[in-house]
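Examination of the molecular architecture
Each chain is listed here by its residues.
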Amino acid sequence: MNFFIDTANLEQIKEAAQLGVLDGVTTNPSLMAKEGISEPKAVLQHYVDICNLVDGPVSAEVISTNFEGMIKEGEELAALHKNIVVKVPMIAEGIKAIKYFSDKGIKTNCTLIFSAGQALLAAKAGATMVSPFIGRIDDINWDGVQLIEQIVHIYQNYGYATEVLAASIRNPLHILKCAEIGADIATCPLSSIMGLFNHPLTDIGLAKFLADHKNSKG
Ligand code: G3P
């Protein structure tokens, strides 16, 4: 399973990259806004800065909601760096844009996926990856992990190359559940990745090893 970090914060990206288990980055307009980045040139430079920290796919989202605007923005983003993946919303104009980018060899991430039908459309259009938002589905008392399972199953039925990128992850258990059902990628906040380390028996065991070592010195 590939681990992406879901943030535009350079310090957090650096911290995750230093662990040696980071495969890519996803951003969205809300995450960019959180870092105070909205001026067009600054946005583009920030994506380049992220690409310089992680040698893997970096999702950069278009703001336009019409085909022409998405194509213009997406081509500009894709030209920034070989690792840029153009993130496009799950709307009819977005699906047209994904088909266009796919024909041109530009990688895409179809975002705001909340149903298997939407994921099927995105795969048919040639999306490189789809982002089902599991946390936001759980928030409304539906089952986000079940959606991931359904999409993985459908893609396997037809051999679609589109990767399932589980997004809107809120905790380490989400990551684990997605791994069990075969999601290709989990994009996570740093706290969820770090949460995977936690087990009280590891802490107790390490404390005992160190105490025994100290005592054996006499
Ligand atoms: O990047 C898309 C997704 O991961 C958003 O997560 O926590 O805002 O639902 P969240």
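Below you will find a few notes about this structure.

Cut-off values and rules
Think of each chain on its own: its residues are numbered from 1, step by step along the sequence as written. Given that the model is predicted, a residue must reach a pLDDT of at least 70 before its local features are reported, and side-chain atom pairs must reach 80 or more before they are shown or counted; all residues, however, enter totals for whole chains, interfaces and linings. Only hydrogens and water are removed before side-chain values are computed, so all heavy atoms of the structure are retained for them. The convention used is that axes are lines fitted to C-alpha atoms, helices contributing only their stretch in contact, and that angles between N-to-C directions extend from 0 to 180 degrees. A run of DSSP states H or I qualifies as a helix once it reaches four residues; a run of E qualifies as a strand once it reaches two. Both are numbered from the N-terminal end. For this classification, under 35 degrees means roughly parallel, over 145 means roughly antiparallel, 65 to 115 means roughly perpendicular, and everything else is oblique. Handedness of a crossing is defined here by the sense of rotation of the near helix relative to the far one, left-handed for an anticlockwise turn of less than a right angle and right-handed for a clockwise turn. By the convention used here, residues are in contact when the closest approach between their heavy atoms is within 4.5 Å. Classification used: nonpolar for Ala, Val, Leu, Ile, Met, Phe, Trp, Tyr, Cys and Pro, charged for Asp, Glu, Lys and Arg, polar for all others including Gly. We call a residue near a molecule or strand whenever a single non-hydrogen atom of that residue lies within 4 Å of it. For the purposes of these results, a polar contact is taken to be a pair of N or O atoms within 3.5 Å, where, inside protein, one atom must be able to donate a hydrogen and its partner to accept one; residues adjacent in sequence count only when each atom of the pair is a side-chain atom. Note on areas: these come from Shrake-Rupley sampling with a 1.4 Å probe, and a residue is covered only by the protein chains present in the view. Any two rings among Phe, Tyr and Trp, with Trp reduced to its six-membered ring, count as a pair given centres within 6.5 Å; such a pair is stacked if its planes are under 30 degrees apart, edge-to-face if over 60, and tilted if neither. Think of it in three bands: with a 1.4 Å probe and only protein chains considered, a residue is buried below 20% of the maximum accessible area for its type, exposed above 50%, and partly exposed in between.

Some details on the packing of helix α4 (residues 67–78) against helix α5 (residues 92–104)
Look at α4 against α5: their axes get within 9 Å of each other, and the N-to-C directions meet at 40°. Regarding the angle of α4 to α5, the classification is oblique. At the point where α4 passes α5, the crossing takes the right-handed sense. Only E93, G94, K96, A97, Y100, F101 and K104 of α5 make contact with α4, whose side of the interface consists of F67, M70, I71, G74 and E75. The residue makeup of the contact of α4 with α5, split by class, is six nonpolar, two polar and four charged.

Topic: the site of the ligand
In the vicinity of the ligand, the contacting residues are D6, N28, K87, F133, R136, A167, S168 and R170. The separation between an oxygen atom of the ligand and a polar side-chain atom of N28 is 3.0 Å. If the ligand stood free it would expose 310 Å²; the protein chains cover 81% of that surface. Of the residues assigned to the shell around the ligand, the class counts are two nonpolar, two polar and four charged.

A short note on the packing of aromatic side chains
Evaluation of the coordinates by the stated rule reveals five aromatic pairs. Centroid distance Y100 to F101: 5.8 Å. Interplanar angle 75°. Geometry classified as edge-to-face. When its relative accessible area of 25% is taken as the criterion, Y100 is described as partly exposed. Their ring planes at 45° and their centres at 6.1 Å tell us that Y158 and Y160 sit as a pair that is tilted. With a relative accessible area of 59%, Y158 lands in the exposed category.

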